[in-house]
Amino acid sequence: MKIVISFLTLAIFALALNAAEKNPAIDRAMAGVESAVGKAKVDVTRPVYHFHAPANWMNDPNGPIFFNGYYHMFYQLNPYGDNWGNMHWGHARSRDLVSWEHLPIALWPSKERGEEHCFSGCATTGSDGRAMIIYTSIGQGKRADDYAEQWGAISDGDLLVWGKHPKNPLLTDKLHGDLKVYDWRDPFLFRDGGRDFLVLGGNLNQRKGGQAVVLLYEAENPQLTEWKFRGVLFTHPDAKVVNIECPNFFPLDGHWVLVVSPHGKVEYFTGKFDPVAGKFTAEQRGLIDGSDNYYAPNCLLDPQGRRVMWGWVRGFKSGLGWNGCLTLPRVLGVDSQGQLRERVAPEISKLRGERFELTEFKVVEGSRKIEIQGDTLEIEIELESGTASDFGLKVRSARDGSAAVPIGYDGKSLGVGSARIPFSLRPDEKALTFHVFLDKSVVEVFANDRACVTRVINAKSEDLGVEVFATRGEITVRSLKAWPLRPIW
Ligand code: DQQ
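Cut-offs and rules
- Residues numbered from 1 in each chain as written.
- Predicted model: local features only at pLDDT ≥ 70, side-chain atom pairs only at ≥ 80, totals over all residues.
- Heavy atoms only, no water.
- Helix = DSSP H or I, 4+ residues; strand = E, 2+ residues; numbered from the N terminus.
- Rg over C-alpha atoms; globule rule 2.2 N^0.38 Å.
- Buried < 20%, exposed > 50% of the residue type's maximum accessible area, 1.4 Å probe, protein only.
- Contact = heavy atoms within 4.5 Å.
- Areas by Shrake-Rupley, 256 points an atom, 1.4 Å probe, with all protein chains shown as cover.
- Phe/Tyr/Trp six-rings, centres within 6.5 Å; stacked < 30°, edge-to-face > 60°.
- Near = heavy atom within 4 Å.
- Polar contact = N/O pair within 3.5 Å; in protein donor to acceptor, adjacent residues only side chain to side chain.
- Pairing = 2+ DSSP bridges.
- Axes fitted to C-alpha atoms, helices over the stretch in contact; angles between N-to-C directions.
- pLDDT = per-residue confidence, 0-100.
- Salt bridge = Lys/Arg side-chain N within 4 Å of Asp/Glu carboxyl O.
- Core = buried A, V, L, I, M, F, W, Y, C linked by side-chain atoms within 4.5 Å.
- Expected span 1.5 Å × (residues − 1).

In terms of regular secondary structure, the protein is built from two helices and 32 strands. Against the globule reference of 23 Å for 489 residues, the protein gives a C-alpha radius of gyration of 23 Å, in line with a compact fold. With the C-alpha coordinates aligned to their principal axes, the bounding extent of the protein is approximately 65 × 50 × 40 Å. In the protein, which comprises 489 residues, the proportion classed as buried is 61%. Residue pairs at least 24 apart in sequence account for 58% of intrachain contacts in the protein once pairs closer than 6 positions are excluded. Of the roughly 19400 Å² that the protein leaves accessible, carbon and sulfur atoms contribute 51%.

Take a look at the structure:
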């Protein structure tokens, strides 16, 4: 069965290659990716139900959009190797957020026009019903921190073939007048009160200590080719944050949400947006994900009105013919206290195999091996804290107990492998629920839907055990459910 699926994937990819035939830059890039598919495919550590490129390096999700019955995902891609460089936009689509079909590379650096990289950006449906991409174009021999332009691209009806916008560049730094903006990149579009706005990240003093900003622009025509600079929407409150990448800004559950990638853990701020003053006032803040293996997320609004977000999972070994994947799609919400909630889209449960279940049991000082095993699992466990000082799950555990990836809580913090973030149960929370998605070398953990940690892990292929542990005391497991998850590729 596995062989059939992988031939199918290759066939779709070959079809995509044909569709892109007329653009030699894309032909070359597609051939580059294809030449690494064989190597990437045999690596047993590669995730099997997370989204990834056919092969080679990928990073940020770009311009996710729901268009004509498909979710489209674009992403930063180096077609020529499994390290960062030669930034193109890879492309795939999905009917259901679960299975993805690889499509021809969407954007390539237009070398003849002096373009070196197509950096991150967004996609939208224009007033004429056609899709449009706005992205950061980095010029040849130019420093990305000091020089960038925002370019557009437009496509055919199915988004299979893209061309650079005839009006490029759409935004240049001339818009800022005397204000010098460094690391100016990563456009994100939003609409408010019938007006089109764009935010971009950067900093005002070239990373010399502070003034990491999100800048605001407003469209002057429905074609989104004329823009005016509205000013600084937001300045990061922490002086040690020197720059902001990939801002996302959108309304959700009666709040405005700003997501920033500050060269460290990805943060969110919830608060108020004043479109007249062009200012965002933050009221609450938190982490989108507690791990630096998670970065540069991007999101879309789907036909069901859901705000769905993906992050880039980074930190894999190089030399494997692939590097990078996306998190599972997470549906966002804001609770009554202005804090962000994240849940894996329910569609992912389509991948579940036979359910394994245990009802209430205790673990006293030590650990209990669970009968289900594997490296592609979903586990949901509800734990009631007892006397144990530290408790939780272990996955990828070795038979002889010599290795494991712990997912634990010690009353004040949450640990996933080597990552640890502050976390405490609230007085109204009687139990701790871990929702765990293990996919070979990636684990995504959700604690009571309000703390998430994505981790890249190193485990031996034979270490497949699952355990529940309690240190210095006992705990009660109210329920444990687990499912093997099927591959999507
Ligand atoms: N990745 C892109 C940039 C962005 C960074 C370049 C974030 O546009 O700022 O690959 O990971």
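One pass over the structure, following the stated rule, counts 29 aromatic pairs. Ring centres of Trp 100 and Trp 310 lie 6.4 Å apart, and the angle between their planes is 75°; on these two criteria the pair is classed as edge-to-face. With a gap of 210 residues between them, Trp 100 in the loop between strand 3 (88-94) and strand 4 (101-107) and Trp 310 in strand 18 (residues 307-313) connect regions that are remote in the sequence. For the pair Trp 100 and Trp 310, a shared accessibility class is recorded, and that class is buried. Ring plane angle 55° and centroid distance 6.0 Å describe the contact between Phe 234 and Phe 280, whose orientation is recorded as tilted.

Here we come to the site of the ligand. Around the ligand, the structure places 13 residues, and the nearest of them are Asp 60, Gln 76, Arg 185, Asp 186 and Glu 245. Between the ligand and Asp 60, the relevant distance is 2.8 Å, taken from a nitrogen atom to a side-chain nitrogen or oxygen of the residue. At 2.8 Å from an oxygen atom of the ligand is found a side-chain nitrogen or oxygen belonging to Arg 185. Calculation on the ligand without its partners gives an accessible area of 310 Å², and the protein chains cover 94% of this total. At the level of secondary structure, the elements contributing two or more residues to the shell around the ligand comprise strand 1 (56-67), strand 5 (115-125), strand 9 (182-192) and strand 17 (294-301).

With that settled, consider the environment of Ile 370. Summarising the element assignment, Ile 370 is placed in strand 23 (residues 356-370). Once the C-alpha coordinates of Ile 370 and Asp 156 are considered, the two residues, 214 residues apart in sequence, prove to be 52 Å apart.

Before going further, it helps to examine the pairing of strand 10 (residues 195-203). Across the nine residues that make up strand 10, a large majority, eight, are buried. The pairing of strand 9 with strand 10 spans seven bridges and is antiparallel. Looking at the pairing, Arg 185 lines up with Gly 201 of strand 10. Between the end of strand 9 and the start of strand 10, which pair antiparallel, lie two residues, with Gly 193 showing a positive phi angle near 55°.

With that out of the way, let us pick up the sheet that holds strand 5. Read across the sheet, four strands follow the order 5-6-7-8 without closing on themselves; strand pairing throughout is antiparallel. Two strands close off the open sheet at either side, each with one partner strand: strand 5 and strand 8 (162-164). Between one strand axis and the next, the sheet turns through 35° on average, direction left out of account. Here strand 6 (residues 131-139) pairs with strand 7 (residues 149-155) via six bridges, running antiparallel. By the bridge assignment, Thr 136 is partnered in strand 7 with Gln 150.

The next point concerns the confidence of the model for the protein. On average, residues of the protein score 94 in pLDDT, and 96% of them reach the 70 mark or higher. Every residue in residues 1-21 scores below 50 in pLDDT, and together they form 27 contacts with partners more than four places removed in sequence or on other chains.

The tally for this structure, following the rule as stated, stands at 29 salt bridges. Note that Glu 347 is salt-bridged to Arg 306, the shortest N-O span being 2.7 Å. With Glu 347 in the loop between strand 22 (340-344) and strand 23 and Arg 306 in the loop between strand 17 and strand 18, this residue pair connects regions lying 41 residues apart in the sequence. The partner of Glu 382 in a salt bridge is Arg 478, and the shortest N-O contact between them spans 3.0 Å. Of the two residues, Glu 382 is situated in strand 24 (residues 376-384) and Arg 478 in strand 32 (residues 465-484); the sequence distance between them amounts to 96 residues.

Attention now goes to the sheet that holds strand 12 (residues 227-235). In space, the four strands of this open sheet follow the order 9-10-11-12, with antiparallel pairing throughout. The open sheet terminates on both sides in strands that have one partner only, identified here as strand 9 and strand 12. Neighbour to neighbour, the strand axes of the sheet diverge by 25° on average, direction disregarded. Looking at chain direction, strand 11 (residues 212-219) and strand 12 are connected through seven bridges and run antiparallel. Bridge assignment links Ala 219 to a residue of strand 12, and that residue is Trp 227.

Of all hydrophobic cores here, the largest spans 46 residues; its most connected members are Phe 51, Trp 100, Trp 310 and Phe 437. Those elements giving two or more residues to this core turn out to be helix 2 (24-41), strand 2 (70-78), strand 18, strand 20 (325-326), strand 30 (442-447) and strand 31 (451-456). Ranked by residue count, the leading element in this core is helix 2, at eight residues. If near-sequence neighbours (up to four positions away) are discounted, Phe 437 is found in contact with Tyr 49, Leu 328, Val 344, Ile 348, Leu 377, Glu 378, Val 442, Val 443, Glu 444, Phe 446 and Leu 485.

A few words on the side chain of Glu 342. Tracing the sequence through the fold places Glu 342 in strand 22. For Glu 342, the side chain forms a polar contact with the side chain of Arg 330, separated by 2.9 Å.

Turning our attention to helix 2. With 18 residues, helix 2 should reach 26 Å at 1.5 Å per residue; the first-to-last C-alpha distance of 26 Å fits that figure. Buried within helix 2 are the following residues: Ala 25, Ile 26, Ala 29, Met 30, Gly 32, Val 33, Ala 36, Val 37 and Ala 40. Two or three places before Ala 25, at the start of helix 2, stands the capping residue Asn 23, its side-chain oxygen 2.9 Å from that residue's backbone nitrogen.

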